[in-house]
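What the coordinates show
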Amino acid sequence: LQNLTYLNFHSNNIEDLPDEFWTLTKLEVLDLSYNNFYNLTSEIQKLKNLHSLNLESNMLTELPEELSGLNNLNTLNLNINEFIEFPTCLFKLSKLETLYFNENNLVVIPEQIEKLANLKILDLKSNDITTLHPNIGNLKKLELLNCSRNFITSIPDEIYMLENLIEFDLYYNL
């Protein structure tokens, strides 16, 4: 399995991965969605070639800081977990282009959001977000911003700085 580049463990009720798993250093795509992970080990940093990581529908509340060492990661799916805030390690993922963060318990978009300068897709649907931080206007490459099904009552003027924005969803904010 040392040459494995794609691995799909979708829907297997997995809670943990064996130590041998972290030797699959050629992995580029890893799907761990719809399992029972409560946390990820710092060993994830060994998967340096990952460019897509799907962690949708687990029980995650945080990510290990070592995830920030995945310098090739450009797509991350954190939908349907238990996050209440953005993990700080995300802001070091300089190549991240797509971030799915639906159906968590996020309340705030932090000012560090601007560090994700290469983001093209930011999907924050169905959280508890009440305001958009003005620094979101610094995401110059952003093409899709989904903030539907939150509690946003006002839009910062900086949103008009998003010249590449093609789709902006705000439906069903109360």
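Residues numbered from 1 in each chain as written. Predicted model: local features only at pLDDT ≥ 70, side-chain atom pairs only at ≥ 80, totals over all residues. Heavy atoms only, no water.

Description of the overall build of the chain
Defined as follows: Helical segments are the DSSP runs of H or I of at least four residues, strand segments are the runs of E of at least two, and each set is numbered from the N terminus. Throughout, the radius of gyration refers to the C-alpha atoms, and the reference size of a globule is 2.2 Å times the residue count to the power 0.38. For every residue, the accessible area (1.4 Å probe, protein chains only) is compared with the maximum for its type, and the residue is labelled buried under 20%, exposed over 50%, or partly exposed between those bounds. Contact definition: two residues touch when any of their heavy atoms are within 4.5 Å. Per-residue and other accessible areas were derived by the Shrake-Rupley procedure at a 1.4 Å probe size, with only the shown protein chains allowed to occlude residues. His is not counted, nor are the chain ends; Lys and Arg add positive charge and Asp and Glu add negative charge. Just so you know, the charge point we use is NZ for Lys, CZ for Arg, CG for Asp and CD for Glu.
Tallying secondary structure elements over the chain gives zero helices and eight strands in all. Reading the secondary structure of the chain in the N-to-C direction produces β-β-β-β-β-β-β-β. For a compact globule of 174 residues, the expected C-alpha radius of gyration is about 16 Å, and the chain comes in at 16 Å, within 12% of that figure. Projected onto the principal axes, the alpha-carbon positions of the chain cover approximately 50 × 25 × 25 Å. Per-residue burial for the chain yields a buried fraction of 46% across its 174 residues. Across the chain, every contact between residues at least 6 apart in sequence was considered, and the portion connecting residues at least 24 apart equals 24%. Carbon and sulfur atoms form 47% of the exposed surface of the chain, whose accessible area is close to 8700 Å². Looking at the chain, you have 11 positive and 25 negative side-chain charges, and the mean spots of the two groups are 8 Å apart.

Side note on the side chain of D169
This is how it is decided: For this document, the term salt bridge refers to a Lys or Arg side-chain nitrogen within 4 Å of an Asp or Glu carboxyl oxygen.
Topologically, D169 is positioned in strand 8 (residues 167-169). No salt bridge is formed by the buried D169; the nearest opposite charge belongs to K125, separated by 8.2 Å. Once residues within four sequence positions are removed from consideration, D169 is found in contact with L145, N146, C147 and S148.

Digging into the packing of aromatic side chains
For clarity, the cut-off: Aromatic pairing here means that ring centres of Phe, Tyr or Trp (its six-membered ring) are within 6.5 Å. Orientation follows from the plane angle: under 30 degrees is stacked, over 60 is edge-to-face, and everything else is tilted.
Enumeration according to the criterion identifies five aromatic pairs in this entry. Considering the side-chain rings of F21 and W22, the 4.8 Å spacing of their centres and the 90 degrees angle between planes classify their relative orientation as edge-to-face. Like F21, the residue W22 is buried in the burial classification. With a centroid separation of 5.1 Å and an interplanar angle of 65 degrees, the aromatic rings of F86 and F101 are classed as edge-to-face. On the criterion of sequence distance, the pair formed by F86 in the loop between strand 4 (75-77) and strand 5 (98-100) and F101 in the loop between strand 5 and strand 6 (121-123) is long-range, its members being 15 residues apart.

Description of unusual backbone geometry
The phi angle at S11 is positive, at roughly 55 degrees, despite the residue not being glycine. Note on placement: S11 falls in the loop between strand 1 (6-8) and strand 2 (29-31). Of note, N13 is a non-glycine position whose phi angle comes to about 60 degrees, a positive value. Inspection of the secondary structure puts N13 in the loop between strand 1 and strand 2.

What about the sheet that holds strand 8?
Neighbouring strands of a sheet are bound in pairs by backbone hydrogen bonds; such pairs are parallel or else antiparallel. What counts, and what does not: Paired strands, as defined in this entry, are two strands with at least two bridges between them according to DSSP. Axis lines are fitted through C-alpha atoms, for helices just across the contact stretch, and the angle between N-to-C directions can take any value from 0 to 180 degrees.
Overall, parallel pairing links the eight strands, which are arranged 1-2-3-4-5-6-7-8 in an open sheet. If you trace the sheet from one side to the other, it starts and ends with strand 1 and strand 8, each paired once. Pairs of neighbouring strands in the sheet enclose a mean axial angle of 5 degrees, with direction left out of account. As paired strands, strand 2 and strand 3 (residues 52-54) are joined by three bridges and run parallel to one another. Looking at strand 3, one finds that V29 is bridged to S52.

Brief notes about the nonpolar core
Put simply, the test is: As used in this record, nonpolar core signifies buried Ala, Val, Leu, Ile, Met, Phe, Trp, Tyr and Cys residues forming a set joined through side-chain atoms within 4.5 Å.
One finds L63, L67, L76, L90, L99 and L122 to be the most contacted residues of the largest nonpolar core, which totals 49 residues. The residues contacting L122, other than those within four sequence positions of it, are L99, I113, I136, L139, L142, L144, L145 and N146.

A few points about the pattern of salt bridges
The tally for this structure, following the rule as stated, stands at two salt bridges. Measuring nitrogen to oxygen at the nearest pair gives 2.5 Å for the salt bridge that ties K46 to E43. For E43, a relative accessible area of 25% corresponds to the partly exposed category. The partner of K92 in a salt bridge is E65, and the shortest N-O contact between them spans 2.9 Å. You can see K92 sitting in the loop between strand 4 and strand 5 and its partner E65 sitting in the loop between strand 3 and strand 4, a full 27 residues away along the chain. Take E65: its relative accessible area is 34%, and that puts it in the partly exposed class.

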